[in-house]
Amino acid sequence: MSEIIPDVMRAIEIASPGGPESLRLVQRPTPRPGKGEVLVKVAAAGVNRPDVLQRKGFYPPPPGASDIPGLEIAGTVVSTGQGSTHMIGQRVCALVAGGGYADYCVAPTGTCLPVPEVLRLTEAAAMPETLFTVWINLFERGFASDGDTVLVHGGTSGIGTMAIKLGMLFGLDVIVTCGSDEKCAAAIALGASYAINYRTADFVDAVKRWTDDRGVAVVLDMVGGDYVARNLQCLSDDGRHVSIAFQRGPIAEVQIVELMRRRLTLTGSTLRSRNLDFKAMVRDEIAQTVWPYVEGNRLKPVMDQQFPLEQAAAAHERMEAGDHIGKIVLSTGL
């Protein structure tokens, strides 16, 4: 018996660019899936830093995407467009370009992953954005491979904790930076090889000491600004620097002669604006290479706190306070 889908749903919209208080619960028309899409009855949606940037007016959705924030969801497929009817009733998590903070969300079939019984839907909702981001940037753009030592800033963020977890599975020694001794201890407990409190130690000196001056093969950087030049000092010859955000600003000054002399690579990427074919390709790689660890109960996200959908503002306040360890999610109660 098919499920009755309401004409309207609850959703969180951004009333105007600003602080967390600009998030408000509203009624919106329930979206309808098109060809190659599914409609997911959302159980939970992950909260990510890009959502905060969108709320502030700095990260608008790409053309055609929903203006409702939320880039990752998990729930049950209740309706499909042409060619996807076999997915009705399946539990899935999905990377979406927007629309996640709602009771229902349209997702491309190409970015959906099946949720195994060993994974709660709240956990599944915390995976797509960070998993896609870390896989693309650390392993594909950064070419991290078994035996490499890598440096990841923001070690207890959603990205950082996922990098630690994947690093353990794929033979990496992961060094992280964190903002407190407590967070450093948490990162070590999660599997980081070494954690540096950047408030009390110079991470460049600490990395050099830890690696006996060899440096690291890859830096995964979400800080930007003046960190970039310092990150390059942490790299070994032929090292790769991968930028995924710029919390300290989008402008950096580097010594070109140093790049040439040590054969360093500077690269980076964004995910939300990439086309669906690319995202589907990454989904296929993750399904083949990483998802068996999820199905085998060997990979789960690090969960911080869960908020009901109507408390999206409180979830954003927690993210901006910087006290979280792992992922924050919104739960719809559906």
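Higher on the page you've got the structure.
Residues numbered from 1 in each chain as written. Predicted model: local features only at pLDDT ≥ 70, side-chain atom pairs only at ≥ 80, totals over all residues. Heavy atoms only, no water.

**Points about the overall build of the protein chain**
Rule in force here: Per the convention used, a helix needs a DSSP run of H or I reaching at least four residues, while a strand needs a run of E reaching at least two, with both numbered from the N terminus. Think of it in three bands: with a 1.4 Å probe and only protein chains considered, a residue is buried below 20% of the maximum accessible area for its type, exposed above 50%, and partly exposed in between. Contacts were defined at the residue level, with two residues in contact if any of their heavy atoms lie within 4.5 Å. Each accessible area is a Shrake-Rupley estimate made with a 1.4 Å probe; only the visible protein chains count as cover when residues are assessed. Under the convention used here, Asp and Glu are negative, Lys and Arg are positive, and both His and the chain ends fall outside the count. To locate a charge, take atom NZ for lysine, CZ for arginine, CG for aspartate or CD for glutamate.
Of the regular secondary structure elements, the protein chain holds 11 helices and 15 strands. Considering only C-alpha atoms, the protein chain reaches an extent of 65 × 40 × 35 Å along its principal axes. The burial tally for the protein chain puts 56% of its 334 residues in the buried class. Contacts in the protein chain between residues at least 24 apart in sequence constitute 68% of all its contacts with a sequence separation of at least 6. Split by element, the accessible area of the protein chain, about 14400 Å² in all, is 51% carbon and sulfur. Averaging the locations of the 32 positively and 37 negatively charged side chains of the protein chain gives two centres separated by 1 Å.

**What about the layout of surface pockets?**
The line we're drawing: Only protein atoms enter the 1 Å grid used here, on which a cavity is any set of points holding a 1.4 Å probe that cannot leave and a pocket is any open set flanked by protein within 12 Å on both sides along at least five of seven lines; residues with an atom within 4 Å of a point are listed as lining. Grid points are joined across faces, edges and corners, and a volume is the space filled by probe spheres set on the points.
Quantified by volume, the second largest pocket comes out at close to 490 Å³. In terms of lining, the second largest pocket is formed by 29 residues, of which the most central are G64, A65, S66, G98 and V106. Going through the elements one at a time, β2 (23-29), β6 (104-108) and α9 (276-289) are the ones with two or more residues in the lining of the second largest pocket. When residues of the lining of the second largest pocket are assigned to their parent elements, the largest contribution, 5 residues, is made by β6.

**Looking at the side chain of S79**
The residue S79 is located in strand β4 (residues 72-80) in this model. Filtering out sequence-adjacent residues up to four positions away, S79 remains in contact with I5, P33, V38, L39 and I88.

**A look at the environment of K56**
Position of K56 among the secondary structure elements: in helix α1 (residues 49-56). Look at K56 and you get partly exposed, because its relative accessible area is 34%. Along the primary structure K56 and Q82 are separated by 26 residues, whereas in three dimensions their C-alpha atoms are 36 Å apart. When residues no more than four places from it in sequence are discounted, the contact partners of K56 are P17, G18 and E320.

**A closer look at empty space enclosed by the protein**
Counted only if it meets this: Gly is placed with the polar residues, together with every amino acid not listed as nonpolar (Ala, Val, Leu, Ile, Met, Phe, Trp, Tyr, Cys and Pro) or charged (Asp, Glu, Lys and Arg).
As enumerated under the stated definition, the model contains 1 cavity of 30 Å³ or more in all. Considering the residues around the largest cavity, the lining is formed by A126, T130, G158, T161, M162, K165, K300, P301, V302 and K327. The dominant element in the lining of the largest cavity, judged by the number of residues it contributes, is helix α4 (residues 158-169), at 4 residues. Classifying every residue of the lining of the largest cavity by side-chain character gives 4 nonpolar, 3 polar and 3 charged.

**Some details on the pairing of strand β11 (residues 216-221)**
Quick note on the threshold: At least two bridges found by DSSP between two strands are what make those strands a pair.
The buried count for β11 comes to 6 of 6 residues, which makes it a mostly enclosed element. As paired elements, strand β8 (residues 149-152) and β11 share 3 bridges and run parallel to each other. Bridge assignment links V152 to a residue of β11, and that residue is L220. When β11 meets strand β12 (residues 235-243), the two strands line up parallel, connected through 5 bridges. Among the inter-strand pairings, V219 is bridged to a residue of β12, identified as H241.

**Side note on the nonpolar core**
What counts here: For our purposes a nonpolar core is just a set of buried Ala, Val, Leu, Ile, Met, Phe, Trp, Tyr and Cys residues, chained together by side-chain atoms within 4.5 Å.
Counting residues in each nonpolar core, the largest one holds 68 residues, and the members touching the most others are L138, F139, L166, V176 and I286. The element contributing the most residues to this core is helix α3 (residues 128-141), with 7 residues. Other than its neighbours up to four places away in sequence, L166 contacts L131, V134, F139, V290 and L299. Of all hydrophobic cores here, the second largest spans 33 residues; its members include V38, V42, I73 and V96.

**Digging into the pattern of salt bridges**
The following threshold applies: Only one rule defines a salt bridge in this text: a Lys or Arg side-chain nitrogen within 4 Å of an Asp or Glu carboxyl oxygen.
Inspection of every chain in the model, using the stated rule, returns 22 salt bridges. In this structure, R28 and D67 form a salt bridge, with 3.0 Å as the shortest nitrogen-oxygen distance. Within this pair, whereas R28 is found in strand β2, its partner D67 is found in the loop between α1 and β4, the two being separated by 39 residues in sequence. The closest approach of N and O atoms between R318 and D304, which form a salt bridge, is 2.6 Å. Placement of R318 in helix α11 (residues 312-321) and of D304 in strand β14 (residues 303-308) is noted, with a sequence separation of 14 residues between them. Take D304: its relative accessible area is 24%, and that puts it in the partly exposed class. Residues joined by salt bridges that share partners form a network here, namely E13, R24, R28 and D67.

**What to know about unusual backbone geometry**
Located in the positive-phi region is F143, a residue other than glycine, with phi close to 55°. Structurally, F143 is set in the loop between α3 and β8. Residues other than glycine seldom take positive phi values, yet D212 does so here, at roughly 55°. Considering the arrangement of structural elements, one finds D212 in the loop between α6 (203-210) and β11.

**Considering the packing of aromatic side chains**
Note the cut-off: Only rings of Phe, Tyr and Trp enter the pairing, Trp through its six-membered ring, and a pair is recorded when the two centres are within 6.5 Å. The plane angle decides the type: under 30 degrees is stacked, over 60 is edge-to-face, the rest tilted. Should the NZ of a Lys or the CZ of an Arg lie within 6 Å of a ring centre and within 35 degrees of the ring normal, that charge is described as sitting over the ring.
This structure, assessed with the given rule, holds 6 aromatic pairs. Ring centres of F170 and Y293 lie 5.7 Å apart, and the angle between their planes is 75°; this geometry places the pair in the edge-to-face category. In this pair, F170 is assigned in the loop between α4 and β9 (173-178) and Y293 in helix α10 (residues 291-295), connecting sequence segments 123 residues apart. Joined through ring pairs, the aromatic side chains of W135, F139, F170 and Y293 make up one cluster. The lysine or arginine in question, R272, covers the ring of Y59, its NZ or CZ lying 5.2 Å from the ring centre. If you follow R274 out to its NZ or CZ, it ends over the ring of F278, 3.6 Å from the centre.

Any functional reading would require information beyond the geometric quantities listed.
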